[in-house]
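# Geometric and topological summary
Listed below are the residues making up each chain.
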Amino acid sequence: MTTTVSFIGLGVMGYPMAGHLAKAGYQVRVWNRTASKAEQWASEYQGTACKTIAEAVQGAEFVMTCVGADKDLVEVFQGDDGIIAKAPEGAILVDHTTASAGIAECLSAAAAERNQAFIDAPVSGGQQGAENGKLTVMCGGPESAFAKACPVMDNYGRAVTLMGPVGSGQKTKMVNQIAIAGLVQGLSEALHFAEQAGMDVEKVVEVISKGAAQSWQMENRSGTMIAGEFNHGFAVDWMRKDLGFCLDEARKINASLPVTALVDQFYADVQSMGGNRWDTSSLIQRLRKFR
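The present account deals with the structure reproduced in this document. (Residues numbered from 1 in each chain as written. Predicted model: local features only at pLDDT ≥ 70, side-chain atom pairs only at ≥ 80, totals over all residues. Heavy atoms only, no water.)

So, about the pattern of salt bridges. Counted by the stated rule, this structure contains eight salt bridges. One salt bridge connects Glu 75 with Arg 33, and the closest N-O pair in it is separated by 3.4 Å. On the criterion of sequence distance, the pair formed by Glu 75 in helix H4 (residues 70-77) and Arg 33 in the loop between strand S2 (27-31) and helix H2 (35-44) is long-range, its members being 42 residues apart. With relative accessibility at 47%, the residue Glu 75 sits in the partly exposed group. Notably, a salt bridge pairs Arg 251 with Asp 248, separated by 2.4 Å at the nearest N-O pair. One end of the pair is Arg 251 and the other is Asp 248, both in helix H12 (residues 236-253) and three residues apart, which spans about a single turn. Look at Arg 251 and you get exposed, because its relative accessible area is 60%. Of the residues examined, Asp 248 reaches a relative accessible area of 37% and is grouped as partly exposed. (Salt bridge = Lys/Arg side-chain N within 4 Å of Asp/Glu carboxyl O. Helix = DSSP H or I, 4+ residues; strand = E, 2+ residues; numbered from the N terminus. Buried < 20%, exposed > 50% of the residue type's maximum accessible area, 1.4 Å probe, protein only.)

Laid out in structure tokens, this is it:
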């Protein structure tokens, strides 16, 4: 396999995602703002750590990115030394950052001026999903570019789906986060109620998980929520960033998200408790503190 893939951004998600591409036999070049992280990656996988974005994307057929937020995308994609300027014409640019739909549309338009295709492709599944190559990838972009990029993304995605034109991937991720926010709050309240009622909470979960109340969150997080352990997944800081995108987009399209807005404020309370890096199931701690 001689396909060259660049991966920009080696955080907790990007690092293992790029690793799956190297294991699959692609010629992988990586760049990270902190150069030592790229060097560490190259010491673990067959690939090249690059000192600049220009070096990483030169001649690449695919450029994958996974950075922080909109401002980080502007930094790595735009400008004289950015991805769009330095990647070759005809390259397919795939962004796995959870960001706004607006920035996806802006970057797509800029890429098109250089005959490059842009796909917004946020992911769900967390660090564990990235490490296990079991991410859900929600894509927005041209069908022809998606058809070429899908086999690449399949190396770390268990479900890679084109949802519509550019921006559709980000909007689908917003739907995902809206659904999760209400569900985690509901589970937190249920467990808190059982605790306050003096019940055997684990036994309660065992019973209700056999019925309509069952969910991924209940199956995978109820035990750690009961134990007060919150280092198992997506951080509160990241969730608040994502919910901010949801609420901004809702205002644009006149959608009503009362529960999401409330849960966002509950997460702000968790941050004030020092829980910025706790996982999202830490909503229960707020109830325990403010009961």
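Attention shifts here to the nonpolar core. In this structure, Phe 7, Leu 21, Trp 41, Met 64, Ile 119 and Met 153 are the most contacted members of the largest nonpolar core, which totals 36 residues. Top contributing element to this core by residue count: helix H8 (residues 143-153), with six residues. Non-local contacts of Met 64, meaning those with residues more than four positions away in its chain, are made with Val 5, Ser 6, Phe 7, Ile 8, Leu 21, Val 94, His 96, Val 152, Met 153 and Tyr 156. Listed in part, the 24 residues of the second largest apolar core include Val 57, Val 63, Ile 84 and Ala 87. (Core = buried A, V, L, I, M, F, W, Y, C linked by side-chain atoms within 4.5 Å. Contact = heavy atoms within 4.5 Å.)

Quick look at the packing of aromatic side chains now. Using the criterion set out here, one finds five aromatic pairs in the structure. Here the aromatic cluster, defined as three or more aromatic residues joined through ring pairs, consists of Tyr 15, Trp 41 and Tyr 45. (Phe/Tyr/Trp six-rings, centres within 6.5 Å; stacked < 30°, edge-to-face > 60°.)

We now examine the side chain of Thr 260. Structurally, Thr 260 is set in helix H13 (residues 258-272). Apart from residues no more than four positions distant in its own chain, Thr 260 is found in contact with Ile 178, Leu 243 and Leu 247.

All right, on to unusual backbone geometry then. Positive phi, normally seen in glycine, also occurs at Asn 115, with a value near 60°. The phi dihedral of Asn 254 falls on the positive side, at around 60°, and the residue is not glycine. Tracing the backbone through its elements, the reader meets Asn 254 in the loop between H12 and H13. On the basis of relative accessible area, Asn 254 is assigned to the exposed category, the value being 73%.

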